[in-house]
Amino acid sequence: MMINLSELRSLKKSFLFAIRGLIYCIKNERNMRIHIVVAANVILFSIFFDLTRIEYALLFLIIGLVLLCETINTAIEALVNLGAPSYHSLARIAKDVAAGAVLLVSVISVAVAIVLFGHPNKLFDTLIKIVNNPMLFLLFLLLIGGGIVFIFKGFKLNLTKKMKKTEEVKIYKPKKKSNFKF
């Protein structure tokens, strides 16, 4: 079986477009950065909490679900802004419902965290283990401090410089009048 180079290039472009979308979301959405910082801290803490494989699977699943909802929320907001450049109550409803979905999954993730980490003795022992180890304690402080800066300042990364001008996102313009209205 021969490998088709044009298909490989197309696949590479697809991945670059997906990565560009994720980077856009991280650069432009403070709430996405909040979710990432919280997830990083929870994952690091979980290492010292000795979760089981099933508990890790649940943890990564709920973190992925929160991040997924935030990216979908960002896409919905962009589409609504494109379709309704001025205020419209239906546009507000679409944005509010999408944001509500993120809030709902975030609340569920807190409930999952309470179930996973809600063992007072084990929680206390883990915190003592971290505080008594200067390197771990410093690592957590740096992660929290760096996370706060990341949340409010973001980061600078421009993936589009690596792509040719012809590969930039093309805006879809229907040829005939659409029935889509707000």
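Quick look at the structure, then. Computed from a predicted structure; not experimentally measured.

Quick notes on the rules
- Residues numbered from 1 in each chain as written.
- Predicted model: local features only at pLDDT ≥ 70, side-chain atom pairs only at ≥ 80, totals over all residues.
- Heavy atoms only, no water.
- Phe/Tyr/Trp six-rings, centres within 6.5 Å; stacked < 30°, edge-to-face > 60°.
- Helix = DSSP H or I, 4+ residues; strand = E, 2+ residues; numbered from the N terminus.
- Buried < 20%, exposed > 50% of the residue type's maximum accessible area, 1.4 Å probe, protein only.
- Lys, Arg positive; Asp, Glu negative; His and termini not counted.
- Salt bridge = Lys/Arg side-chain N within 4 Å of Asp/Glu carboxyl O.
- Contact = heavy atoms within 4.5 Å.
- Axes fitted to C-alpha atoms, helices over the stretch in contact; angles between N-to-C directions.
- Parallel < 35°, antiparallel > 145°, perpendicular 65-115°, else oblique.
- Nonpolar A, V, L, I, M, F, W, Y, C, P; charged D, E, K, R; others polar.

## What to know about the packing of aromatic side chains
Part 1 of the reasoning: Counted by the stated rule, this structure contains five aromatic pairs.
Part 2 of the reasoning: Taken together, a centroid distance of 6.0 Å and an interplanar angle of 20 degrees make the contact between Tyr-56 and Phe-60 stacked. Of this pair, Tyr-56 and Phe-60 both sit in helix H3 (residues 53-83), four residues apart, which is roughly one turn of the helix.
Part 3 of the reasoning: Under the relative-accessibility criterion, Tyr-56 is labelled partly exposed at 22%.
Part 4 of the reasoning: Of the residues examined, Phe-60 reaches a relative accessible area of 44% and is grouped as partly exposed.
Part 5 of the reasoning: Chaining the aromatic ring pairs together yields one cluster made of Phe-45, Phe-49 and Phe-117.

## Thoughts on the side chain of Glu-29
Part 1 of the reasoning: Among the secondary structure elements, Glu-29 is positioned in the loop between helix H1 (5-28) and helix H2 (30-49).
Part 2 of the reasoning: Of the side chains with opposite charge, Arg-33 lies nearest to the buried Glu-29, which makes no salt bridge, at 7.8 Å.
Part 3 of the reasoning: Glu-29 has contacts with Tyr-24, Glu-70, Thr-74 and Glu-77, leaving out every residue within four places of it along the chain.

## Quick word on the pattern of salt bridges
Part 1 of the reasoning: One pass over the full model with this rule turns up one salt bridge.
Part 2 of the reasoning: Between Arg-92 and Asp-96 there is a salt bridge; the shortest N-O distance is 3.1 Å. Here the residue Arg-92 and the residue Asp-96 both occupy positions in helix H4 (residues 89-117), the gap between them amounting to four residues, near one helical turn.

## Remarks on the packing of H1 against H3
Part 1 of the reasoning: Close contact between H1 and H3 brings their axes to 10 Å; oriented N to C, the two are set at 90 degrees. Considering their axes alone, H1 and H3 lie roughly perpendicular with respect to each other. The residues of H3 that touch H1, namely those facing Leu-22, Tyr-24 and Cys-25, are Glu-70, Thr-71 and Thr-74.
Part 2 of the reasoning: Classifying every residue of the contact of H1 with H3 gives three nonpolar, two polar and one charged.

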